[in-house]
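What the coordinates show
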Amino acid sequence: MVTQHSLRRTVRVSLRRCLAGIAALALAGSMAASPAQAADSEAPAAENVLRIATDGFIDSFNPFTSFYLVPTNTFRYMYENLVANDAKDGSVTEGLATEWNTDSDGKVWTYTIRPDMKWSDGEPLTSKDVAWTYNQMMDNDEMAVANGSLVENFAKVEAPDDSTVKITLKKAQANNPGQEIPVVPEHVWSKIDNPGEFKNDEKSVGSGPFQLDSYEANKSITLKANPNFWRGKPKLDEIQYRYYTNSDAQVQAIRSGEVDFITGLSPDQFTALENADNVELNDGNGRRFNGISINPGVADADGKEFGTGNEALGDKKVRQAIRAGIDTETLRKQVMQDYAQPATSFIPAVYPDWALSPDNPVVSGFDVDRAKTLLDDAGWKEGSDGIREKDGEKLQLRFLTDADVPTEQSTAKFLKPWMKDIGIDLKNESTDADTESERTTKGDYDMYFSGWSINPDPDYQLSINTCGQRPDAEGNGGTSQDGWCNKEFDKLYQAQHVELDQAKRQELVQKALAIHYEEAPSVTLWYPNQLEAYRSDRFENFTKQPSDGGAIANQVGYWGYSSVEPVSAGEATGGGMGAGGWIGIGAAVIVVLGGGGWLLSRRRKSDDRE
């Protein structure tokens, strides 16, 4: 029998091999051409084809197994969920379901499916497709690799008629269980013998606004508009992702008009494009955090310790001292050039209902004297060279960073003298992303630069900080944010998970975040703005999420590109739906209790974690 753990082990090993191959190809490409550019860059630009620059990794286009940011973002355009997250503010809104309700115990959720929907191949889409998808994930380990945690609380899923889906939970939960599970057509997927190995990399069938048409590794990804999409066929005929081997080549491509959209710009790149002809910039509030994960003494879910973390970091006073010795405001202004929001804990400020309030008594700032006092109290006394010692051992820590990410390298340069000021000898270890991922998975680190994308409901991110979500020493099993375990935090997580009163749930989340902050298994540095650019002479009507000051790419949903239209088309062109219509629909629909159930996240470099 194939177990969930063995499947995950297979997937992770395959991913490492795949990434190593991709890295080698990328290196070869960069050596062969400078600047690197997309293979078909000379092709003329079609009016209705949006060209997006990317260097993101692809493991597969299988929504049941893929972990990475680029494929999971394409899934949001290819497959819908029962309910979606609104473009306006990320709140729960209609998807395949037009309305839903729960029983008084919060254990039985009943959804009404939109009538007369079709898959992209013209076949009818009914509640039976939804129930089949969910039941496959519940019963087949191969279909539960990526999102299995989202159905762990499902007791049964039924489709009593073509327009009704009934989910019975094992226990009540506050967040809507119809989120973030891509619904696939039974008539296609039921004919696949080994769904866990299915790459799904051409001619996909789905219900979302765009469908995958073709994929060429390290060259391009092509999505075509779905004429049967229930909101109306998009005005774009096609979206093309074009591969570039470095971000500077992407910047040059947007300048020259070789591509129409880029995201993930560094502050320097963003500033350099300010006066570029026909280029519009978007400085969007992002849904990510960046921080420094501190090895608190990682252990597996059963408490068996592994890894090479410095034992000194098992003392929270040492971890707190590290926090107090880091001037996050200077980092935000100098490293991020102010293109980031001040941070508290791991829920970004773009979600004000959940983010840890800066006024919370537990939140403290840069304070060198406090850092020194904490280390004194922990028994680490200053030696003759200024480095602290205890039991004959000097306080020396390793800081892992990705050598290819300037932000991480700049942060390391600031941290080294700051740590020395409080008596810690910090050894900066720059390495490649794969090595960093493998070492952190095995607990072979003291500190490393980390980051995650967070969805509107905090449940998933809270869950991966619970004791039971820690993986084993080989990285199999759960996914942990910091390898940390705290029983009181776990109790608060469980309490908020089933609390149906929103105000009470917010209070519980605040308490949980405060414990994580006070325990300091990581130090959140900032919430980076998502810096983007697009060709204003080619396209308009990009939809941001949140609509007031948000980002275009990397959204929770399919809003960003679905409303885009060529500038020549104008508002008078018929056949599709403009941005205002999209936002209006999103804002007008029924909103019920709860929030998210989130896309699975996995380790890799900080920018690749969903």
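The residue numbering used here restarts from 1 in each chain and proceeds along that chain's sequence as written. In view of the model being predicted, local features appear only for residues whose pLDDT reaches at least 70, and side-chain atom pairs are presented and counted only at 80 or more, with totals across whole chains, interfaces and linings using the full set of residues. Hydrogen atoms and water are omitted, and side-chain values are computed over all heavy atoms in the structure.

**Some thoughts on the overall build of the chain**
- Only runs of H or I of at least four residues qualify as helices and only runs of E of at least two qualify as strands under DSSP, and these elements are numbered from the N terminus. Regarding its fold elements, the chain presents 16 helices and 26 strands.
- Scored against the burial criterion, the 610 residues of the chain give a buried share of 57%.
- Residue contacts are defined here by distance: any two heavy atoms, one from each residue, within 4.5 Å place the two residues in contact. If you take every contact in the chain between residues at least 6 apart in sequence, the share linking residues at least 24 apart comes to 72%. We call a residue buried when its accessible area falls under 20% of the maximum for its residue type, exposed when it is over 50%, and partly exposed in between, using a 1.4 Å probe and counting protein chains only.

**Focus on helix H10 (residues 406-422)**
- Any helix carries an expected span of 1.5 Å times its number of residues minus one. Over its 17 residues, H10 extends 25 Å from the first C-alpha to the last, a length consistent with the 24 Å expected when each residue adds 1.5 Å.
- Of all the positions in H10, only Glu408, Gln409, Thr411, Ala412, Leu415, Trp418, Met419 and Ile422 are classed as buried.
- Remark: Gly423 follows H10 within two positions and exhibits a positive phi of approximately 100 degrees.

**A closer look at the packing of aromatic side chains**
- Aromatic pairing here means that ring centres of Phe, Tyr or Trp (its six-membered ring) are within 6.5 Å. Orientation follows from the plane angle: under 30 degrees is stacked, over 60 is edge-to-face, and everything else is tilted. Taken as a whole and judged by the stated rule, the model has 20 aromatic pairs.
- Here the aromatic rings of Phe61 and Tyr215 are separated by 5.1 Å at their centres, their planes lie at 70 degrees, and the arrangement is edge-to-face. Of this pair, Phe61 sits in the loop between strand S1 (49-54) and helix H2 (69-78) while Tyr215 sits in strand S10 (residues 210-216), and the two are 154 residues apart along the sequence.
- Here Trp189 and Phe198 contribute two aromatic rings whose centre-to-centre distance is 5.2 Å and whose plane-to-plane angle is 80 degrees, an arrangement assigned as edge-to-face.
- A residue is classified by how much of its surface remains accessible, and Trp189, at 3% relative accessible area, is buried.
- For Phe198, a relative accessible area of 28% translates into the label partly exposed.

**Here we look at the sheet that holds strand S9 (residues 164-169)**
- Between any two strands, at least two bridges found by DSSP are needed for them to pair. Strands sit in the order S4-S5-S9-S8 across an open sheet of 4 strands; the sheet is antiparallel. Pairing within the sheet leaves two strands with one partner each, and these edge strands are strand S4 (97-102) and strand S8 (154-161). Taken pair by pair, the neighbouring strands of this sheet meet at an average axis angle of 20 degrees, ignoring direction.
- In the sheet, S8 pairs with S9 via 5 bridges, with the strands oriented antiparallel. Of the residues in S9, the one forming a bridge with Phe154 is Leu169.
- Axes, fitted as lines to C-alpha atoms, cover a helix only where it is in contact. Angles between the N-to-C directions of the axes lie from 0 to 180 degrees. This element, helix H3 (residues 127-139), spans strand S5 (108-113), S8 and S9 of the sheet and lies at about 160 degrees to S8.

**Some details on the nonpolar core**
- Formed by 62 residues in total, the largest nonpolar core has its most connected members in Leu82, Tyr111, Tyr134, Ile167, Phe542 and Tyr561.
- Counting residues per element, this core draws most heavily on H3, which supplies 5 residues.
- When sequence neighbours within four positions are dropped, the list of residues in contact with Leu82 reads Gly95, Leu96, Ala97, Tyr111, Ile113, Val130, Tyr134, Val165, Ile167 and Gly178.
- Core analysis: the next-biggest nonpolar cluster, separate from the first, contains 33 residues, Leu313, Leu395, Phe399 and Met419 among them. Side-chain atoms within 4.5 Å link the members of a nonpolar core, which is a set of buried Ala, Val, Leu, Ile, Met, Phe, Trp, Tyr and Cys residues.

**Considering the pairing of strand S12 (residues 238-243)**
- Burial within S12 is extensive, with 6 of its 6 residues counted as buried.
- The alternating pattern of S12 places Glu238, Gln240 and Arg242 and Ile239, Tyr241 and Tyr243 on opposite faces, both of which are buried.
- Pairing of S1 with S12 involves 6 bridges; the strand directions are parallel. Bridge pairing in S12 links Arg51 to Gln240.
- Two elements, strand S11 (residues 220-225) and S12, share 5 bridges in a ladder whose sense is antiparallel. Residue Lys224 lies in a different strand from S12, and its bridge partner there is Glu238.

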